[in-house]
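# A look at the structure
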Protein chains: 2
Amino acid sequence: MEPNVSNSSDHQAVEIAMETEVHRVVSPPYRSTLQKLRARLKETFFPDDPLRQFKGQSGKVKLILGAQYIFPILEWGPKYSLTLLKSDIVSGLTIASLAIPQGISYAKLANLPPIVGLYSSFVPPLIYAVLGSSRDLAVGPVSIASLIMGSMLRQQVSPAKDPILFLQLAFSSTFFAGLFQASLGFLRLGFIIDFLSKATLIGFMAGAAIIVSLQQLKSLLGITHFTKKMGIVPVLTSVFHNTHEWSWQTILMGFCFLVFLLLTRHISMKKPKLFWVSAGAPLLSVILSTLLVFAFKAQNHGISVIGKLQEGLNPPSWNMLHFHGSYLGLVMKTGLVTGIISLTEGIAVGRTFAALKNYQVDGNKEMIAIGLMNIVGSSTSCYVTTGAFSRSAVNHNAGCKTAVSNIIMAVTVMVTLLFLMPLFQYTPNVVLGAIIVTAVVGLIDIPAACQIWKIDKFDFLVMLCAFLGVLFISVQEGLAIAVGISVFKVLLQITRPKTVMLGNIPGTDIYRNLHQYKEAVSVPGFLILSIEAPINFANTTYLKERITRWIEEYETEDANAKKKSGVKFVILDLSAVSAIDTNGVSFFKDLKMALEKKNLELVLVNPLGEVIEKLQRADDAKELARPDYLFLTVGEAVAALLSTVKSHASNYV
Amino acid sequence: MEPNVSNSSDHQAVEIAMETEVHRVVSPPYRSTLQKLRARLKETFFPDDPLRQFKGQSGKVKLILGAQYIFPILEWGPKYSLTLLKSDIVSGLTIASLAIPQGISYAKLANLPPIVGLYSSFVPPLIYAVLGSSRDLAVGPVSIASLIMGSMLRQQVSPAKDPILFLQLAFSSTFFAGLFQASLGFLRLGFIIDFLSKATLIGFMAGAAIIVSLQQLKSLLGITHFTKKMGIVPVLTSVFHNTHEWSWQTILMGFCFLVFLLLTRHISMKKPKLFWVSAGAPLLSVILSTLLVFAFKAQNHGISVIGKLQEGLNPPSWNMLHFHGSYLGLVMKTGLVTGIISLTEGIAVGRTFAALKNYQVDGNKEMIAIGLMNIVGSSTSCYVTTGAFSRSAVNHNAGCKTAVSNIIMAVTVMVTLLFLMPLFQYTPNVVLGAIIVTAVVGLIDIPAACQIWKIDKFDFLVMLCAFLGVLFISVQEGLAIAVGISVFKVLLQITRPKTVMLGNIPGTDIYRNLHQYKEAVSVPGFLILSIEAPINFANTTYLKERITRWIEEYETEDANAKKKSGVKFVILDLSAVSAIDTNGVSFFKDLKMALEKKNLELVLVNPLGEVIEKLQRADDAKELARPDYLFLTVGEAVAALLSTVKSHASNYV
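Rules used throughout
Residues numbered from 1 in each chain as written. Chains lettered and ligands numbered in written order. Predicted model: local features only at pLDDT ≥ 70, side-chain atom pairs only at ≥ 80, totals over all residues. Axes fitted to C-alpha atoms, helices over the stretch in contact; angles between N-to-C directions. Helix = DSSP H or I, 4+ residues; strand = E, 2+ residues; numbered from the N terminus. Parallel < 35°, antiparallel > 145°, perpendicular 65-115°, else oblique. Left-handed = near helix turned anticlockwise from the far one by under 90°. Contact = placed C-beta atoms within 7 Å. Nonpolar A, V, L, I, M, F, W, Y, C, P; charged D, E, K, R; others polar. Least-squares fit on C-alpha atoms with pLDDT ≥ 70 in both. Buried ≥ 20, exposed ≤ 12 C-beta atoms within 10 Å, placed from the backbone. Pairing = 2+ DSSP bridges. pLDDT = per-residue confidence, 0-100. Domains from an automatic or database assignment.

All names here are of chain B. Relative to each other, helix α10 (residues 198-215) and helix α22 (residues 475-495) sit at 165°, their axes nearing to 10 Å. Between α10 and α22, the angle falls in the class roughly antiparallel. In this structure, the crossing between α10 and α22 has a hand that is right-handed. Between α10 and α22, the residues in contact are T200, G203, F204, G207, A208 and I211 and V475, G478, L479, A482, V483 and S486, respectively. Considered class by class, the residues forming the contact of α10 with α22 number seven nonpolar, five polar and no charged.

Put into structure tokens, the structure is as follows:
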């Protein structure tokens, strides 16, 4: 990059700058270490200042506000009206029609008895209605958390050989997932889920959707001997090594219902007003297919069915939780992974719809609500639940107003559990497979992937790693790799901060990047650099080398242009240096020493509060914080330094 | 924090701002993805541009420069003169007198035969003289790497029961340390050692010095049954449970020599010109104590001696390297940890003295030199070596000019190995212990610790963790904890970036932090925020919440002050936002939408090249990158927006 050295406009700039007086850099008002620590802790854990509404209120009001804070139902409950109820009944019934077939299907995806999926659509929505602050979230089991729980537990326990133990481990994992979620919220550590970036999630979701869909080949093709593994390779091997098990009746039925479901999905996507088409399709498919099987006695012709389901509400399951023994590590790990994943989905869904309806969702509070819902769920025969994206979208489109729609859904599921279970006896597994495939197909978001490619190539790489990692390694490792790369990128940005050379925009005292602003000109004798990151242990070595190279390059160019001026001043614009540490303080000291050996003067511009404070506190860098080394703007620094040079030069005349 | 709302000076500011024309933000010139990738890779791996001297040279010159690049000796060798040699002989002999007793002592610290310490002071300095680019580095075994190697290997193999295997593992670890060091340099990944911050190193060094000194209680007190563990607790237990083994002759001798050595150290520290006092003291102590033992036959009175040492130069040891088998993991891990630690010391020492003499040391090249030195060393009976701080300081003070002083030292050690080994037979172990304690005492840097406490409390915490971790857990885990906390701090800074409210400095169009600059005043109707970190996945949620809170606080204050104005514009100063990712792009889009719902207008000021490029590339954030939403300075933004408001207002008049 060649700086455009120009003399004429330089003088102009200087004149403008010299008209204004020089303003001093000041350090921020004194705060003790304790005050700083408190401010830092508050910013870290309470950035949303959740208690601000309590300030200056009387004791009684505080009590009411506190109760409303813990149980949001107390806030909207008293204002609830019949009009709202009407809307909520419509949306509640709509999501129930989706929740019943999806509940059964997702439970099968997690290798659990189908009825557990229905249990999980009954208790958790009731809990959420009391504790949750989102008005649109439809709570229940979700595909990805079901997949992860099923695959992680199956690595150590076979659901076919040891179904009771498997169920116990599933409930225990749910308990730990809930405990973990609630703790994150309670300890205000919700920002941990932010480390799953958008790119990571898009790649991960797409990979998981493919894995889930491949698993459905078992029921869609009617294969009885299917691999227990999740990876794309073993599944495809299993499918094509067992072609003799393929059942044409199953394939035909599966194909028809899959086409039907995908078609309804397509219609609803094209016309959001017809949301009920895709919302009602799964239940219709279940009813139709069950009737078909019943009429043709198809279960005797190679079509496998769910079989008898027990009637009645959720039995208690707290006696089934494992808090010790050899599987404790497994259930804690499974709880952690499913907890984070389902939390991410629930929070993201809540925030999305809150933004659409312009209300606030408190992330940490939601985490406590979702966590408690899972803790209670684990002792009432439910497995991991959260706010599901597809069902919440239907809920929103169906015009839900409050969490009462969740209550309506739960009541509908209750009625089903009490009286309608025998009807599901002949429901074929193949239709459940088709429902799952249709549900997860929407997780593959190709336009978003293209958008990421356009905006940020590195994010695309992260997405690709998550996607391929999930497909070829495993769900949890794919996720870990993607998070690792994202964090690595952030660290790399810190390790290699940008330093850009600034030049004057003619006719102003504005100084901007010479590379970006082609009209900007460099001021002869001045090397003006802007450092664009906190200066800390990870980058001081780099910055020293880089600044040395800037000086050498500048001097080489000057020598090539046969100018005798050379650099006299190095101005560091610190406007973008938000923090320094002890290594950063040493950096300034060392840099000043190194520049002095080359007869260059170092001047700092606009150091922020923390930077100037630390420089002043260091015994051997104090002189850098002296007023004559500090300027408020680059323009003032250039003007002041030029005037000293001129007064020196005039002595020789 | 209360913004000082003032109307009179506000008008002044606006008038100044309105005098100058409005300047547009432009995006940087187009570069293809490949060009960007190349630039990024260059900044990451070649920030010092090591090949710039090759540019535009003829083939022959390139060849010579290339050879000089790989073997720095070719660069300074031809210019070598007799005057330089004289200085180098003096300094070479001085460091040899230090290297011989230290070599023997450090080998014992690593649980290796004393002679290995001398071998390691012979071959590696010769290799370094050819490959190294530092003129002051004195190469040989060092205390901390010796301690770590000894303690890590001893966890699995007993040096007393299985000395041959232990030696084999030590050489193998040295090989892997060298391989790792050379790879880091070759792959240009040298910045990895930067993650050991100054604070981490100070804490770590102090902890290690105490651990090393405690180990010396064995020889200083003459205890025969000593613990094999490193921690402070087992060592002290061992010392006070074996009081009956304490030998008063040993204690007396140890005490006298320790006082003598510490005294000489103190003298040299007070008067750097008397550096030879402390440099010569260890050798003098060895000679004196050996004579004493010989004269009084003290080995029969409870004073343990080194015993017979084999004469002759380094035997080959490449047949002793383990590249497979059950200990491979152990030697690789030991190699990694000792490699990183010794590399950190070597590079830091090289850079320190290079800065004093104003020449350049290429970090990655040095890593290759140190790595090759250890690889060659491992096959010639040497264990891990690097540039030692204490010896290099003596070398520098003794007036060394080039790496020839290392050659002189190696020759002196060679003479010792060939002819003087029988003299060490009666050297008592207690004097070696005293030499080690004196050497490591200097690693405890209390003034630096105080300085860190003054400058940065978080760095002090990191230092404390490293110190206590080394003392109470283990050397490598203490280090890992400190690095983990340092990285966590950096991530926390990214996760919770500072957002500050800017105000106008009266009489200028400069806008600065209202909290830091008390004279600054806020402009009514404008909320001007500066974001001081890259905007990415880790902080978009936080920033959304934080900005919402800023707006609410601003409005509450306005309401309290009974102003009707309220916020109309939110100006985000992006000067300090060095990068964004896809989450960052969504952040701007979401924020704009949220503000529009509140009837607020979002305006961006001075987005840097990367930020504006990405906003333009995103389909749904493009309008944010439209010229009328972008301003070059806050002053211009305020002026332009105020004039639109005025023109609106005048319509009502």
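Its rotation angle being 180°, the transformation that places chain B on chain A also includes 0.0 Å of axial translation and leaves an RMSD of 0.1 Å. The superposition of one copy onto the other is thereby described by a two-fold rotation axis. Distance from the rotation axis, computed per C-alpha, reaches its smallest value in chain B at A576(B): 2.0 Å. Mapped onto chain A, 100% of the interface residues of chain B again fall at the interface, so both copies present the same surface.

Another point: the pairing of strand β3 (residues 499-504) of chain B. Consecutive side chains along a regular strand alternate between the two faces of the sheet. Residue and element names in this part refer to chain B. With five of its six residues buried, β3 lies for the most part within the structure. Of the pairings in the sheet, the one linking β3 to strand β5 (residues 526-531) comprises three bridges and is antiparallel in character. Each bridged residue has a counterpart across the sheet, and for V500 the counterpart in β5 is S530. Relative to strand β4 (residues 511-513), β3 is paired through three bridges, and the arrangement is antiparallel. Looking at the pairing, L502 lines up with N513 of β4. Hairpin connection, β3 to β4: the antiparallel pair is bridged by six residues, and G507 has positive phi, about 85°.

What follows deals with the packing of helix α9 (residues 163-186) of chain A against helix α15 (residues 328-357) of chain A. Residues and elements named next belong to chain A. Interhelical geometry of α9 versus α15 gives an angle of 55° and a closest axis separation of 7 Å. Here α15 runs oblique to α9, going by the angle between their axes. The handedness of the crossing between α9 and α15 is right-handed. Facing α9, whose interface residues are L169, S172, S173, F176, A177, F180 and Q181, α15 presents L330, V331, M332, T334, G335, L336, T338, G339, S342 and L343. When its residues are assigned to classes, the contact of α9 with α15 shows nine nonpolar, eight polar and no charged.

Moving on to the confidence of the model for chain A. Residue and element names in this part refer to chain A. Scored by pLDDT, chain A comes out at a mean of 85, with 95% of its residues at no less than 70. Counted against residues more than four places away or in other chains, residues 1-20, with its pLDDT under 50, gives 38 contacts. Here the prediction assigns the complex a pTM of 0.82, and the interface score ipTM is 0.84.

Take the domain arrangement of chain A next. As assigned here, chain A comprises domain 1 (8-30 + 496-652) and domain 2 (82-490). Using C-alpha coordinates to define each centre, domain 1 of chain A is positioned 57 Å away from domain 2 of chain A.

Turning next to the sheet that holds strand β3 (residues 499-504) of chain A. Residue and element names in this part refer to chain A. Ordered in space as β4-β3-β5-β6-β7-β8, the six strands form an open sheet in which the pairing is mixed. Looking at strand neighbours, the two that pair on one side only are β4 (511-513) and β8 (630-631), the edges of this open sheet. Against the sheet, helix α23 (residues 540-560) touches β3, β5 (526-531) and β6 (569-573), its axis set at about 150° to β5.

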